[in-house]
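Residues per chain are reported as follows:
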Amino acid sequence: RLKGYSCSELGRNEEGELAMQQFFTIAPASKIIPSDYTTYAKLLQKNGKDSLCIIMMKRAIEIDPSNADFSKDILTMLYKMKKYGEVIHDFEDFKSKNYGLDVNSYFMAARSYYVQKEWIKALNRTLKDYSCDLPASIRQKYSLPVHAPMGGWLQLFALHIGLL
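The rules behind these values
- Residues numbered from 1 in each chain as written.
- Predicted model: local features only at pLDDT ≥ 70, side-chain atom pairs only at ≥ 80, totals over all residues.
- Heavy atoms only, no water.
- Phe/Tyr/Trp six-rings, centres within 6.5 Å; stacked < 30°, edge-to-face > 60°.
- Buried < 20%, exposed > 50% of the residue type's maximum accessible area, 1.4 Å probe, protein only.
- Axes fitted to C-alpha atoms, helices over the stretch in contact; angles between N-to-C directions.
- Helix = DSSP H or I, 4+ residues; strand = E, 2+ residues; numbered from the N terminus.
- Left-handed = near helix turned anticlockwise from the far one by under 90°.
- Contact = heavy atoms within 4.5 Å.
- Nonpolar A, V, L, I, M, F, W, Y, C, P; charged D, E, K, R; others polar.
- Salt bridge = Lys/Arg side-chain N within 4 Å of Asp/Glu carboxyl O.
- Core = buried A, V, L, I, M, F, W, Y, C linked by side-chain atoms within 4.5 Å.
- pLDDT = per-residue confidence, 0-100.
- Polar contact = N/O pair within 3.5 Å; in protein donor to acceptor, adjacent residues only side chain to side chain.

Engineer: Please clarify how the packing of aromatic side chains should be interpreted in this entry.
Structural biologist: The geometry of an aromatic ring pair comes down to the distance between the two centres and the angle between the two planes. Taken as a whole and assessed by the stated rule, the structure comprises four aromatic pairs. Taking the centre distance of 5.5 Å and the plane angle of 65 degrees together, the rings of F23 and F24 count as edge-to-face. Exposure class is identical for F23 and F24. Each is buried. Here Y79 and Y84 contribute two aromatic rings whose centre-to-centre distance is 5.7 Å and whose plane-to-plane angle is 70 degrees, an arrangement assigned as edge-to-face. Given a relative accessible area of 21%, Y79 falls into the partly exposed group. Through a chain of ring-to-ring contacts, the aromatic side chains of F23, F24, Y37 and Y40 assemble into a single cluster.

Engineer: It is not clear to me how the packing of helix α2 (residues 13–26) against helix α3 (residues 34–46) should be interpreted in this structure. Could you clarify?
Structural biologist: The angle between the axes and the distance between the axes are what describe a pair of packed helices. Packing of α2 against α3 brings their axes to within 9 Å, and their N-to-C directions diverge by 140 degrees. For the element pair α2 and α3, the recorded crossing hand is left-handed. Judged by residue contacts, N13, G16, E17, M20, Q21, F23 and F24 of α2 engage D36, Y37, Y40, L43, L44 and K46 from α3. Looking at the contact of α2 with α3, its residues break down into seven nonpolar, three polar and three charged.

Engineer: I would appreciate a short explanation of the pattern of salt bridges in the present structure.
Structural biologist: A side chain of one charge can pair with a side chain of the opposite charge if their charged atoms are brought near each other. Inspection of every chain in the model, using the stated rule, returns six salt bridges. When the shortest N-O distance is used, the salt bridge between D93 and K97 registers 3.3 Å. Salt bridges sharing common partners tie together K3, R12 and E15.

Engineer: It is not clear to me how unusual backbone geometry should be interpreted in this structure. Could you clarify?
Structural biologist: Trans peptide bonds make up most of the peptide bonds, and negative phi angles are found at most residues other than glycine. Unusually for a residue other than glycine, K82 sits at a positive phi of about 60 degrees. Among the structural elements, K82 can be located in the loop between α5 (68–80) and α6 (84–96). Look at K82 and you get exposed, because its relative accessible area is 59%.

Engineer: Would you mind going over the environment of V87 with me for this structure?
Structural biologist: Topologically, V87 is positioned in helix α6. Accessibility expressed as a relative area gives 1% for V87, which makes it buried. Separated by 26 residues in the primary sequence, V87 and Y113 have C-alpha atoms spaced 9.0 Å apart. If near-sequence neighbours (up to four positions away) are discounted, V87 is found in contact with L75, L78, Y79, M108, A109 and S112.

Engineer: Where do I start with the nonpolar core in this structure?
Structural biologist: As a rule of thumb, nonpolar side chains are buried together in soluble globular proteins. Counting 29 residues, the largest nonpolar core has F24, M57, L75 and F94 as the members making the most contacts within it. For this core, the elements supplying multiple residues, two or more each, are α2, α3, α4 (50–63), α5, α6 and α7 (103–115). When residues in this core are grouped by element, the largest group, six residues, is from α4. Ignoring any residue separated from it by four or fewer positions in sequence, one finds F24 in contact with I32, D36, Y37 and Y40.

Engineer: Would you mind going over the confidence of the model for the protein chain with me for this structure?
Structural biologist: The predicted coordinates ought not to be read in detail in places where the model reports low pLDDT. Averaged over the protein chain, the pLDDT score is 79; the fraction of residues at 70 or greater is 73%. Least confident of the elements in the protein chain is helix α10 (residues 150–160), whose mean pLDDT is 54; most confident is α2, at 95. Throughout residues 129–133 the model reports pLDDT below 50, and contacts reaching past four residues in sequence, or to other chains, amount to 14 contacts.

Engineer: Just to check I follow, could you spell out the side chain of T38 for this structure?
Structural biologist: Position of T38 relative to the elements: it lies in helix α3. A relative accessible area of 10% means that T38 is categorised as buried. Here the side chain of T38 touches S35 through a polar contact of 3.1 Å, landing on its backbone oxygen. If we skip the residues at most four places from it in the chain, T38 touches M57, A60 and F70.

See below:
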């Protein structure tokens, strides 16, 4: 564990990855903590193994679902990899399990729905959590709630007309 952590901090990523692999081989499951998975995930990411990195981050979140950073990191990695379907799936999963999601998580989900051409879901994901009044014509056209987040609405509108 310590060698993997140290190599990660010193930028010796391949050596750190090997050290963490060895640690996971010999350590009993009861002794593995979330930061073991996240350190290993960061090493994997630095070594270009993004898919394995996400798997390790998901293991960390299984051990400690209260840490909102894990869910945000997973969504960010998937979004950067342009795996929009997985962003949507994991966002909905994290949301149903009450994992901490911030405004950026909602935006990535809305943008992913948008890219997948699921317009109403994109609007509903963006129009979440922050309150303002929408014009009646827009609410009726898209079957939206009376109160919705103006920041999210403006971001989606900017996306729709090509400003972002």
